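# Structure at a glance
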Amino acid sequence: MSNRIEQEIEQEGVMSNRELRRRPLFWIVIVSAITAVVMILVLGLRGPARASAAPAAIPCPSGEAITVVAPSAGAPTTVSATVSPPVNLKPAKDGVVDSFHLHYFVDIDPSTVVRAGEPVPTGNPKIIHSATTTQDVGTLTAGNHRVWVVLGDVAHTACTPMVAGSVSFDVMAAAALPASGTGLAGGSASGSAVPMFAVALMAGLAAASAGFVMRRD
């Protein structure tokens, strides 16, 4: 009888130890759940993070003018621009509030695409946004081309009234190179091949004749 009582006491002790071990895990789960709920509520009250606003552009200075120089023979697709009086030219991505940059329109009249107070279009390879006064405008076909350069602010908006300059120039077709194996050199080579063939033929006939004579002897 006493043994049975002792076994029951031991079993109760084992169960009590298990419950004690489970209690910390239980409270950890409860605390984690409460923490998650609190964070969700806090973030919900704050709302989504707002994107940083674009820098406010300053008005374009008055009295500005742009002069554009056509490409040179050494750089047949590079034009140069001069802004006078000089302004602070910086890439728009730098976000410098008091800066400006240039827009190179290649064979596109800016008056047909630029709207007052609206950004100059992006994503067109023929409209190049640049902070440099020397710009390679890319591959050009043979013929006449015209490039306009327009001044714009940090928000890509062209000045109003528009500050622009342009230049027209001709691109010459590349000189055709002679095909390989043709021309004077090719003719000389083919002409020299005939005498060589004749010499070889005569040498072969002579050798055959000599062999015939020796066989007769």
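Residues numbered from 1 in each chain as written. Predicted model: local features only at pLDDT ≥ 70, side-chain atom pairs only at ≥ 80, totals over all residues. Heavy atoms only, no water.

### Observations concerning the pattern of salt bridges
Close approach of charged atoms allows side chains of opposite charge to pair. In plain terms, the rule: Salt bridge criterion: a side-chain nitrogen from Lys or Arg within 4 Å of a carboxyl oxygen from Asp or Glu. Note on classification: 1.4 Å probe, protein chains only; a residue is buried when its accessible area is under 20% of the maximum for its type, exposed when over 50%, partly exposed between these limits.
For the structure on display, the rule yields one salt bridge. Across the pair Asp 94 and Lys 93 runs a salt bridge whose closest N-O atoms are separated by 3.4 Å. Judged by its relative accessible area of 74%, Lys 93 falls in the exposed class.

### Considering the nonpolar core
Heads up, the rule is: Here, nonpolar core means buried Ala, Val, Leu, Ile, Met, Phe, Trp, Tyr and Cys residues that are tied together by side-chain atoms lying within 4.5 Å of each other. By definition, any uninterrupted DSSP run of H or I lasting at least four residues is a helix, any uninterrupted run of E lasting at least two residues is a strand, and each is numbered from the N terminus.
Within the largest apolar cluster, 22 residues are counted, with the highest numbers of intra-cluster contacts made by Ile 66, Leu 102, Tyr 104 and Leu 151. For this core, the secondary structure elements donating two or more residues are strand 1 (65-69), strand 2 (78-84), strand 3 (100-106), strand 6 (143-153) and strand 7 (164-171). At four residues, strand 3 tops the list of elements feeding residues into this core. Core analysis: the second largest hydrophobic core is formed by eight residues, Phe 105, Val 120, Ile 127 and Ala 158 among them.

### A few points about the side chain of Thr 78
Under the convention used in this document: The contact definition used throughout considers only heavy atoms, calling two residues in contact when any of these lie within 4.5 Å.
Inspection of the secondary structure assignment puts Thr 78 in strand 2. Ignoring any residue separated from it by four or fewer positions in sequence, one finds Thr 78 in contact with Ala 70, Pro 71, Ser 72, Thr 134, Gln 135 and Asp 136.

### Things to note about the sheet that holds strand 5 (residues 134-136)
Put simply, the rule is: Pairing between two strands is assigned when DSSP locates at least 2 bridges connecting them. Axis lines are fitted through C-alpha atoms, for helices just across the contact stretch, and the angle between N-to-C directions can take any value from 0 to 180 degrees.
With respect to topology, three strands assemble into an open sheet ordered 1-2-5, the strand pairing being antiparallel. Two strands in the sheet have a free side with no partner beyond their single neighbour: strand 1 and strand 5. On average, adjacent strands in this sheet sit at an angle of 25 degrees to one another, irrespective of strand direction. Of the strand pairs in this sheet, strand 2 and strand 5 are connected by three bridges, and their pairing is antiparallel.

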